[in-house]
Amino acid sequence: MLSLNPLHQLHAAPLLPSTQPKASPRFCPLRHSITSNNHAAIFSLRHRRELCVRAFDTPQPFDYEFKLAAHHAHLHSCQHLKIAIIGFGNFGQFLATTLVRQGHTVLAHSRSDYSDAAKSLGVSFFSDPHDLCEEHPEVILLCTSVISTEWVVSSLPLQRLKRSTLFVDVLSVKEFPRDILLELLPSDFDVICSHPMFGPQSARHNWNGRAFVYEKVRIGNEESRISRCEKFLDIFAREGCRMVEMCCEEHDKHAAGSQFITHTVGRVLELFNLESTAINTKGYEALLDLVENTAEDSFDLYYALFIYNKSALEMLERLDLAFGALRNELFGRLHNVVRKQLFEKVQDSYAWPGNGAALSSSALVVRSQDAQPYEYKGQISERFDDNLKLKIAIVGFGNFGQFLAKTIVRQGHTVLAYSRSDYSDRAKKLGVSYFSDADDLCEEHPEVILLCTSILSAEKVLKSLPLQRLKRSTLFVDVLSVKEFPRSLFLQNLPPYFDVLCTHPMFGPESGKNGWNDLSFVYDRVRIGSQESRVSRCDQFLDIFAREGCRMVEMSCAEHDWHASGSQFITHTMGRVLEKLGLESTPINTKGYETLLSLVENTAGDSFDLYYGLFMYNVNAMEQLERLDHSFELLKKQLFGRLHGVLRKQLFGNAEKLQISWERQVLPQVSQSSAALASSLETVQNN
């Protein structure tokens, strides 16, 4: 049989894979070359390894797809990092969930035992930091509290890590950890300072659109280190985060005006004991959510935002000044009212002056019986016929009057309007008949007079109406933000044959611009005649709001004002305090800060007269303002009390320790009680 030299095989024409003969067990060129033990064979063997035989007719697409898939798999594996999370509490576990899902290898270490939580997340937990560092993670992710950061970094066995390891922090302040990392870490370690502007509560569904702030504080020039930095940042970019590169100083300046203020407002309202009511507005719901989100964070986190951000104290002082300015504005107007009463000798025995006077002792002598709120059970008509259409006169055709008129006209009711200002063009566009003369309006005999004036002008407007030109039993309705005041005003100024319905739509042109569905409408049937036609007319008016999906809540005026002082008045107060603070949007807005900005926008759209009316004409408002003031003062005492403790320890702690040490040297023989006292002092100082 003819045998081929191994070199000859390189030039032989290849056979198809299906027709290529199997090698005989008795003949193997490679085995023959090895056993021949000569230099020529060894030379041919070396070239045999360098030049291997390949089939020229192997399908090219298969090779290409295989190589491409292998290349992609290699790239995918290269994107994975080995990340060690130091501090595996709530936030560390929150981040670990996404890191593991993206395919990264995650290790964890914490002073507390989170081994079970780590196991459930697919994370390797290490109780000994030496063991963790010997695993040579590529990234050390610091998820500790701000207060413990320096101690934790100092305690890590850095000598067991690879040189050039990347350190990343996720603290809420940035200048402090940057300085700590640069001071404590060797210069061959890389450093990124970052701040995810979200947490387990605000981003429990996803991170899309959330801001992730970072600064590449120190990254080596090697391509591998630059690539590793980008891989880490890509973790957040892949989740849809809004990536914001910003220096640490700029971050802290913005954070003091946003995050610190957000947490401050949340904690003040928590101390205020803000609670849900039966008549929550959208703005009040937002404040309740803010309290819930900030209450989940420890006081240590809030204290760290204050103590480790040099701009925080300035913001706290500005907030204090803004609150003081608002109080002065309220009490200043109140002082003018009292002064006018004292020196101008107002003769009106019923002290509800149209310019916003203080309440007299007899102002609220008539009150409706307190009633538990219940959902409106009236029948909503499926269709309107002529008998169900009302003729409604809106008195006060400003912004809110026009807002209500749109829906009332759309439902088929006849709407008339009267106002001191000329809104005839606007009325015409809405399909409303406008009257510049109140006598002409009343001679049209509207079935309902809907009072949409401001609180301050309500009495003056009501007394100016020519009531004698109206039909007896006309239904009077108000939509003011307070209820006991208009109720008393109606009962004392309207003849007893007029019906009275006090209402409060807990929404406005801004909060109700997309519909009234599920928005609260509070009402009290103060005085409705027993005739079927008058009862039916009252129900027809209420049906206007029920048909729009409002949550109909029947509640006494007194109870409404109690709830409103704790919700609506507080909402407007916080909005106006923050307005005076001059809050502005930042590149790193959190969800909570966006809530505050929206609150400012909504309350700033209302006149100060409206806010003053909420304060002046609600007997509970003064008490709520004092409670809010007390809550703010209590929070400041908590902050400055802890700060005083820190300063005291810095000033006297070392001196006391030296004194104890000196006494031990001078007096080696001490009694058991003295030793116990010294031990107690040391324990207190160390804690």
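Here the structure is a predicted model, which is why all the values come from computation and not from measurement. (Residues numbered from 1 in each chain as written. Predicted model: local features only at pLDDT ≥ 70, side-chain atom pairs only at ≥ 80, totals over all residues. Heavy atoms only, no water.)

Chemist: Before we move on, can you summarise the layout of surface pockets with the specific residues and values?
Modeler: Taken as a whole, the second largest pocket spans an internal volume of roughly 1400 Å³. Along its surface, the second largest pocket is lined by 49 residues, and Phe-91, Ser-172, Asp-297, Ser-298 and Leu-301 are the ones closest to its centre. Elements with a contribution of two residues or more to the lining of the second largest pocket: α5 (90-101), α8 (149-155), β6 (190-196), α12 (259-271), α13 (282-295), α14 (299-307) and α24 (591-604). For the lining of the second largest pocket, the per-class residue count stands at 20 nonpolar, 24 polar and 5 charged. (1 Å grid on protein atoms, 1.4 Å probe; cavity = no way out; pocket = protein on both sides within 12 Å on 5 of 7 lines; lining within 4 Å. Points joined across faces, edges and corners; volume = space filled by probe spheres on them. Helix = DSSP H or I, 4+ residues; strand = E, 2+ residues; numbered from the N terminus. Nonpolar A, V, L, I, M, F, W, Y, C, P; charged D, E, K, R; others polar.)

Chemist: Go over the sheet that holds strand β1 (residues 82-86) with me, naming the residues and quoting the values.
Modeler: Across the sheet, which stays open at both edges, the 8 strands sit in the order β3-β2-β1-β4-β5-β6-β7-β8 with mixed pairing between neighbours. Here the strands that pair on one side only, and so sit at the sheet edges, are β3 (124-126) and β8 (242-245). If you compare each strand with its neighbour and ignore which way they point, the axes differ by 25° on average. Packing against the sheet, α5 makes contact with β1, β2 (105-109), β4 (139-142) and β6, and its axis sits at approximately 170° to β1. Here helix α10 (residues 223-238) sits on the sheet in contact with β1, β4, β5 (166-169), β6, β7 (211-218) and β8, set at roughly 170° to β7. (Pairing = 2+ DSSP bridges. Axes fitted to C-alpha atoms, helices over the stretch in contact; angles between N-to-C directions. Contact = heavy atoms within 4.5 Å.)

Chemist: Tell me what's going on with the environment of Phe-541, and back it up with residues and numbers.
Modeler: As for its placement among the helices and strands, Phe-541 is situated in helix α21 (residues 532-546). A relative accessible area of 0% places Phe-541 in the buried class. Along the chain, Phe-541 and Leu-501 lie 40 residues apart, while their C-alpha atoms are 9.8 Å from each other. Those residues in contact with Phe-541, other than ones at most four positions away along the chain, are Leu-390, Ile-392, Val-448, Leu-450, Val-477 and Leu-501. (Buried < 20%, exposed > 50% of the residue type's maximum accessible area, 1.4 Å probe, protein only.)

Chemist: Tell me about unusual backbone geometry, and name the residues and values.
Modeler: Backbone geometry follows two general trends: most residues other than glycine have a negative phi, and most peptide bonds adopt the trans configuration. We note that His-136 has phi near 55°; this positive angle belongs to a residue other than glycine. With respect to the element layout, His-136 can be found in the loop between α7 (129-133) and β4. If you check the backbone angles, Ser-164 has positive phi at about 80° while not being a glycine. Along the chain, Ser-164 falls in the loop between α8 and β5.

Chemist: How would you sum up the pattern of salt bridges? Please name residues and give values.
Modeler: Pairing between side chains becomes possible if they bear opposite charge and their charged atoms approach one another. Inspection of every chain in the model, using the stated rule, returns 28 salt bridges. The closest approach of N and O atoms between Asp-439 and Arg-469, which form a salt bridge, is 2.6 Å. You can see Asp-439 sitting in helix α18 (residues 438-442) and its partner Arg-469 sitting in the loop between α19 (458-464) and β14 (475-478), a full 30 residues away along the chain. For Glu-633, the salt bridge goes to Lys-636, with nearest N and O atoms at 2.9 Å. Here the residue Glu-633 and the residue Lys-636 both occupy positions in helix α26 (residues 621-666), the gap between them amounting to 3 residues, near one helical turn. In this structure Glu-633 comes out as partly exposed when scored by relative accessible area, which is 33%. Here the salt bridges share partners, and the residues they tie into one network are Asp-190, Glu-222, Arg-225 and Arg-228. (Salt bridge = Lys/Arg side-chain N within 4 Å of Asp/Glu carboxyl O.)

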